[in-house]
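If you want the building blocks of each chain, they are given just below.
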Amino acid sequence: KAGVTQTPRYLIKTRGQQVTLSCSPISGHRSVSWYQQTPGQGLQFLFEYFSETQRNKGNFPGRFSGRQFSNSRSEMNVSTLELGDSALYLCASSLQGSYEQYFGPGTRLTVT
Amino acid sequence: AQRVTQPEKLLSVFKGAPVELKCNYSYSGSPELFWYVQYSRQRLQLLLRHISRESIKGFTADLNKGETSFHLKKPFAQEEDSAMYYCALIRDNYGQNFVFGPGTRLSVLP
């Protein structure tokens, strides 16, 4: 069974730009969660999508948004990038009713 | 507010020695607690969850509600246990709204 995939793996953007990251969950997994990982703040929950609906949201500004498609693939978007948005963005998927999350390799975003 | 703390950033032990990775939490309801592990050049993965009460790779963790702790223990550490360990709490028992601790890097020395 293929694991969670994230594209792109690395990204360099300029302050003020916007970026879209993609996550393909394990087949059959309908829940997709996004996390931001930084050395200073650790792993922070961004949001979770289930069946194309945002089910949970963390404490991030509205510049961070996401969506999920009917095939469970998910995208997250960050608008008006700031230097502090530089981080590893992790996506995780899980089966309905399970708390076991399967993580992707992450997308390393650098904002200059 | 829900919070998970792991007081040690780095823990070094010798092979064969017991190891205990500390985790404390603050949560107003009934918590669901987990340990996730990330080995070098691998993805973050679930190690164990308190509700299953199982031993994975020789590791166990007991939820102590009185002390609000969920320490991870192994009686005899192996070199392959060297990794980053994260304690995590799920909020509200609905969906995947996890709160992760800052992590402890375990280094098992030969």
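The structure reproduced in this document is the subject of the present report.

Looking now at the pairing of strand β7 (residues 64-68) of chain A. If a strand is regular, its side chains alternate between the two faces of the sheet. Residues and elements named next belong to chain A. Bridge analysis of β7 against strand β8 (residues 74-78) gives 5 bridges, and the strand direction is antiparallel. Bridge assignment links Ser65 to a residue of β8, and that residue is Asn77. Taking the residues between adjacent antiparallel strands as the criterion, β7 and β8 are bridged by 5 residues, where Ser72 takes a positive phi near 75°.

Another point: the state of the cysteines. On inspection of all chains with the given rule, the structure shows 2 disulfides over all chains. Covalent S-S linkage joins Cys23 of chain A and Cys91 of chain A, the inter-sulfur distance amounting to 1.7 Å. Between Cys23 of chain A and Cys91 of chain A the disulfide shows an S-S torsion of about -45°. By sign, it is left-handed. Of this pair, Cys23 of chain A sits in strand β3 (residues 19-24) while Cys91 of chain A sits in strand β9 (residues 87-94), and the two are 68 residues apart along the sequence. Each member of the pair Cys23 of chain A and Cys91 of chain A is classed as buried. Paired by a disulfide, Cys23 of chain B and Cys87 of chain B hold their sulfur atoms 2.0 Å apart. Around the S-S axis, the bridge from Cys23 of chain B to Cys87 of chain B shows a dihedral of about -65° and counts as left-handed.

Rules used throughout
Residues numbered from 1 in each chain as written. Chains lettered and ligands numbered in written order. Predicted model: local features only at pLDDT ≥ 70, side-chain atom pairs only at ≥ 80, totals over all residues. Heavy atoms only, no water. Pairing = 2+ DSSP bridges. Helix = DSSP H or I, 4+ residues; strand = E, 2+ residues; numbered from the N terminus. Disulfide = S-S within 2.5 Å. Buried < 20%, exposed > 50% of the residue type's maximum accessible area, 1.4 Å probe, protein only.

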